[in-house]
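Listed here are the chains, written in short residue letters.
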Amino acid sequence: MISVEVQTQKNLLAFSAGIDSTALFFILLKQQIPFDIAIVNYHQRQSSNDEVLYAQQLASKYNKNIYIKDFPKDKKFSEKLARDFRYDFFEEIIKENGYESLITAHQLNDKLEWFLMQLSSGAGVRELLSMTDVYKKNNITYYKPLLNYDKKHLQSFLDSENIKYFIDETNLDQKYKRNYIRKNFSNEFLEQYKD
């Protein structure tokens, strides 16, 4: 049983239709934690439009407000630019609509990947320990309630409930540092030591 804790009442879920955010969507529903969703269409993959359509279908079915933003097609895409674009969009929605918090679906694999990425860059202790399950910034509470669960656990939950989700094939491309670390270090480490 996956259980999460969110103390605020007006929450925005960062949604992508992937394993992590889809699992969190249904966990929040089961626990009757109120939330709406926001999704960015980066137009980098064939399935991007299908993922947005799925988000719209879920929002309609479960009576959630949905916010959608398209990444500009004339902008050169990079992971950092995409991340900044995404968080600027989320924060804009939160401020304009009076949300108290942003909930993201970062999980145990992400936490270890982040740690290894920071370590490989020569980061100090503060940066190495910076991914926490709750923090406040600019009057917004940020929740990462899945940090104790690994991706396999979340995927098993979805499969057992027969819930649809999408796999982002760009996560397999090792030209991105995070994917390289995931494939060569963190996944294998978690397989042996996640407990």
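Residues numbered from 1 in each chain as written. Predicted model: local features only at pLDDT ≥ 70, side-chain atom pairs only at ≥ 80, totals over all residues. Heavy atoms only, no water.

Re the nonpolar core
Counting 33 residues, the largest nonpolar core has L13, F15, L24, F25, L28, I37 and L146 as the members making the most contacts within it. Counting residues per element, the ones that place at least two in this core are helix 1 (19–30), strand 2 (36–41), helix 2 (48–61) and helix 6 (151–160). In terms of residues, this core owes the most to one element, helix 1, which gives seven residues. L12, F90, Y99 and I140 belong to the second-largest nonpolar core, a separate cluster that totals 18 residues. (Core = buried A, V, L, I, M, F, W, Y, C linked by side-chain atoms within 4.5 Å. Buried < 20%, exposed > 50% of the residue type's maximum accessible area, 1.4 Å probe, protein only. Helix = DSSP H or I, 4+ residues; strand = E, 2+ residues; numbered from the N terminus.)

Topic: the packing of aromatic side chains
Considering all chains together, one arrives at 14 aromatic pairs under this definition. Ring plane angle 90 degrees and centroid distance 5.7 Å describe the contact between F26 and Y62, whose orientation is recorded as edge-to-face. With a gap of 36 residues between them, F26 in helix 1 and Y62 in the loop between helix 2 and strand 3 (66–70) connect regions that are remote in the sequence. Residue Y62 is classed as partly exposed on the basis of its relative accessible area of 28%. The interplanar angle of 55 degrees and the centroid separation of 5.8 Å between the aromatic rings of Y54 and F166 together place this pair among those described as tilted. Taken as a pair, Y54 in helix 2 and F166 in the loop between helix 6 and helix 7 (177–193) lie far apart in primary sequence, 112 residues in all. Comparing Y54 with F166, the two get one shared label, buried. Ring pairs connect the aromatic residues F15, F25, F26, F35 and Y62, which therefore count as one cluster. One cation-aromatic arrangement involves K64 over F35; the distance from NZ or CZ to the ring centre is 4.1 Å. (Phe/Tyr/Trp six-rings, centres within 6.5 Å; stacked < 30°, edge-to-face > 60°. Lys NZ or Arg CZ within 6 Å of the ring centre and 35° of its normal.)

Quick look at the pairing of strand 2
Here strand 2 lies mainly inside the structure; six of its six residues are buried. Burial along strand 2 is two-sided: D36, A38 and V40 and I37, I39 and N41, pointing in opposite directions, are all buried. Sheet analysis places strand 1 (residues 11–14) next to strand 2, joined by three bridges and oriented parallel. Looking at strand 2, one finds that L12 is bridged to D36. Handedness of the crossover is the feature at issue here: the chain leaves strand 1, passes through helix 1, returns alongside strand 2, and the resulting connection is right-handed. The pairing of strand 2 with strand 3 spans five bridges and is classified as parallel. Bridge assignment links N41 to a residue of strand 3, and that residue is D70. In this region the chain leaves strand 2, passes through helix 2 and returns to the parallel neighbour strand 3; the handedness of that crossover is right-handed. (Pairing = 2+ DSSP bridges. Right-handed = clockwise from strand over helix to strand, strands pointing away.)

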